[in-house]
Amino acid sequence: MKKLVSSVLAASMVLSLAACGSSASSAAESTAASSDAASTAATAEAGEGSGAYTGTPIKIGGIGPITGAAAVYGQAVKNAEELAVKEINAANGSDVFEWKFEDDEHDAEKSVNAYNTLKDWGLQVLAGPVTTTPSLAVAAETANDNIFMMTPSASAVDVIAAGDNVFQICFTDPNQGVASADYIADNQLGTKVGVIYDSSDAYSRGIHDKFQAEAAEKGLEIVADEAFTSDNKSDLSTQVAKCQEAGADLVFLPIYYQEASQILIVANKTGYEPTFFGCDGMDGILAIEGFDTSLAEGLMLLTPFAADAKDEKTQAFVTAYEEAYGDTPNQFAADAYDVVYAIYQAALAGNINGDMDASDICEALKTQFSSMTFDGLTGEDMTWDASGAVSKAPKAVVIKDGAYAAM
């Protein structure tokens, strides 16, 4: 069953990508691709495939934390990249990609070491890194080498500012800050807003600053603005108390899930029950070992992906991922899956193959990504500007009955 589901999904996406070239497919082509997908699945199963790609396999590498505190992010990205590569290769009938993934433990120096290991292997395209600080370090290296880099989840603007070879498939931090303020204001989720953020972290600080500016434009009253740093985050009770004393009925948390779990624990102990609202770094809070997930009930977050969405593409991906890895994919997995398929679309449209020099591949991919439209799990009609920033619509989810539910 797992193999059949994967083949149907891959065949559908491969046909769609082959049809769209460097621009979006017409509605008629999309319909035809969908209807043909099931009939071509058996061919893909047999190893004959679509044959849309006939060149030497492109060496695509990934970097992320598969051990350490941020491993829930990196493991999801690793799994999804592996799944996408296997699907694409199987549906094509011959290998499109060779793939290798390196652990960086969410450490900048180790991430650069991982990048150098991949270069020694023959890296031609980088699908990563996963987290912001390592991505900042690696982006500078890829810019010097002119190797194309697309991160699934490092959302700081400074990442893509490193060079015109660096792209994101995730929202930039400013976009998340603006979108969060807009969503809270437009849906009247709170009248008095508290903010708790990590001023030492580029991801958290970037979202916070844009949220503050947009909140003022939207007429949101920020009654508490409390910072912590990586050096003093073991006890966040003071920050929670300040929000409670100020009467904040919504607390915005542009932080990662580990620190957010501490805040929820403290709030529960003091009887503080505001609405908590986070961004994509919150995804993973339900997977913390030993954490009472009932404390996260009602927590809202902006994310481009909800595993319980009912569209055919999402459900096929979730089924294939769960059967392959025994876990429900999170937003980081969906973004990583989209990275690989987007690179595949660009490779087809640009006649890119593994015989090309990595720098030549980079130039060709830059041209394709700056002009193409991509439909993926995390957004339809995605486009990129020359800076490498993606344009797509955010979605909001809420934790309900111990699971993420679309809003």
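As shown above, the structure is provided for reference.
Residues numbered from 1 in each chain as written. Predicted model: local features only at pLDDT ≥ 70, side-chain atom pairs only at ≥ 80, totals over all residues. Heavy atoms only, no water.

### A short note on the sheet that holds strand 11 (residues 374-376)
Pairing in this open sheet of 3 strands is antiparallel, and the strands run 11-12-13 from one edge to the other. The open sheet has two edge strands, strand 11 and strand 13 (390-391), and neither has a second partner. (Pairing = 2+ DSSP bridges. Helix = DSSP H or I, 4+ residues; strand = E, 2+ residues; numbered from the N terminus.)

### Quick look at the pairing of strand 8 (residues 250-253)
A two-sided burial pattern is seen for strand 8, the buried positions comprising Leu250 and Phe252 on one face and Val251 and Leu253 on the other. As judged from the 3 bridges shared by strand 6 (residues 192-198) and strand 8, these two strands associate in the parallel manner. By the bridge assignment for strand 8, Val195 is matched with Phe252. Handedness of the crossover joining strand 8 and strand 9 (residues 275-278) through helix 10 (residues 257-270): right-handed. (Buried < 20%, exposed > 50% of the residue type's maximum accessible area, 1.4 Å probe, protein only. Right-handed = clockwise from strand over helix to strand, strands pointing away.)

### Structural notes on the packing of helix 3 (residues 71-92) against helix 12 (residues 331-349)
Closest axis-to-axis distance for the helix 3/helix 12 pair is 7 Å, and the angle between their directions is 35°. The interaxial crossing formed by helix 3 with helix 12 has right-handed handedness. Contacts from Tyr73, Ala76, Val77, Ala80, Glu81, Leu83, Ala84, Val85, Glu87, Ile88 and Asn92 in helix 3 reach Phe332, Ala333, Ala336, Tyr337, Val340, Tyr341 and Tyr344 in helix 12. The class makeup of the residues in the contact of helix 3 with helix 12 is 15 nonpolar, 1 polar and 2 charged. (Axes fitted to C-alpha atoms, helices over the stretch in contact; angles between N-to-C directions. Left-handed = near helix turned anticlockwise from the far one by under 90°. Contact = heavy atoms within 4.5 Å. Nonpolar A, V, L, I, M, F, W, Y, C, P; charged D, E, K, R; others polar.)

### Some points on the pattern of salt bridges
For the coordinates displayed, the defined rule picks out 9 salt bridges. In this structure, Asp145 engages Lys119 in a salt bridge whose closest nitrogen and oxygen atoms are separated by 3.0 Å. Placement of the pair is Asp145 in helix 5 (residues 132-145) and Lys119 in helix 4 (residues 108-121), with a sequence separation of 26 residues. Classification of Lys119 as partly exposed rests on a relative accessible area of 34%. Of the charged contacts, one joins Glu259 and Lys233 as a salt bridge, the two residues approaching to 2.9 Å between their closest N and O atoms. One end of the pair, Glu259, is in helix 10; the other, Lys233, is in the loop between strand 7 (221-228) and helix 9 (237-245), with 26 residues separating them in the sequence. Overall, the relative accessible area of 7% leaves Glu259 in the buried class. (Salt bridge = Lys/Arg side-chain N within 4 Å of Asp/Glu carboxyl O.)

### Remarks on empty space enclosed by the protein
Enumeration over the complete set of coordinates arrives at 1 cavity of 30 Å³ or more. One number sums up the size of the largest cavity: a volume of about 60 Å³. Lining of the largest cavity is provided by Tyr73, Val130, Thr131, Thr132, Ser153, Ala154, Ser155, Tyr203, Tyr256, Asp280, Gly281 and Phe332. Each residue belonging to the lining of the largest cavity can be placed in one class, and the counts come to 6 nonpolar, 5 polar and 1 charged. (1 Å grid on protein atoms, 1.4 Å probe; cavity = no way out; pocket = protein on both sides within 12 Å on 5 of 7 lines; lining within 4 Å. Points joined across faces, edges and corners; volume = space filled by probe spheres on them.)

Note that all results are geometric; they support no functional claim without further evidence.
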